[in-house]
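Structural features, examined
Listed below, chain by chain, are the residues.
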Amino acid sequence: MNRRASRDGHTEWCGKDHRCGLGEHRSEEIVVDVAGRSRAVLVRVRTAAGDEHAEVRVRVALASSDLAARRQLVGLLGDLRRAVTRAAITARPRPRR
């Protein structure tokens, strides 16, 4: 991961505009859109403390039946848990002191 910043403090991936503020640097949004069904938005963030993370927003159309919608949510939560766990294991962040 490239942690270098330019002379103005921005990283090479930073949006370098109104997205940055309060010491944070934020990338442009990466959007995955399945028309009418789902949408995911990912933003890379570096905090004022220098920590980096990803912010992910997901919107999925739910079934009209409550039971079917609940089943979708259970599946979605399971998939999200696996994705977040896989990303966390891959990164192997250093423990905080």
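Residues numbered from 1 in each chain as written. Predicted model: local features only at pLDDT ≥ 70, side-chain atom pairs only at ≥ 80, totals over all residues. Heavy atoms only, no water.

The next subject is the pairing of strand S2 (residues 30-34). Here 5 bridges tie S2 to strand S3 (residues 38-46), and the two strands are oriented antiparallel to one another. From the neighbouring strand, aspartate 33 faces S3, where its bridge partner is arginine 39. Hairpin connection, S2 to S3: the antiparallel pair is bridged by 3 residues, and glycine 36 has positive phi, about 75°. (Pairing = 2+ DSSP bridges. Helix = DSSP H or I, 4+ residues; strand = E, 2+ residues; numbered from the N terminus.)

Once that is clear, we can look at the environment of valine 31. Relative to the helices and strands, valine 31 resides in strand S2. The exposure class assigned to valine 31 is partly exposed, which follows from its relative accessible area of 38%. Considering only alpha carbons, one finds valine 31 and valine 43, 12 residues apart in sequence, at a separation of 9.1 Å. If we ignore the near neighbours within four places in the chain, the residues touching valine 31 are Arg39, Ala40 and Val41. (Buried < 20%, exposed > 50% of the residue type's maximum accessible area, 1.4 Å probe, protein only. Contact = heavy atoms within 4.5 Å.)

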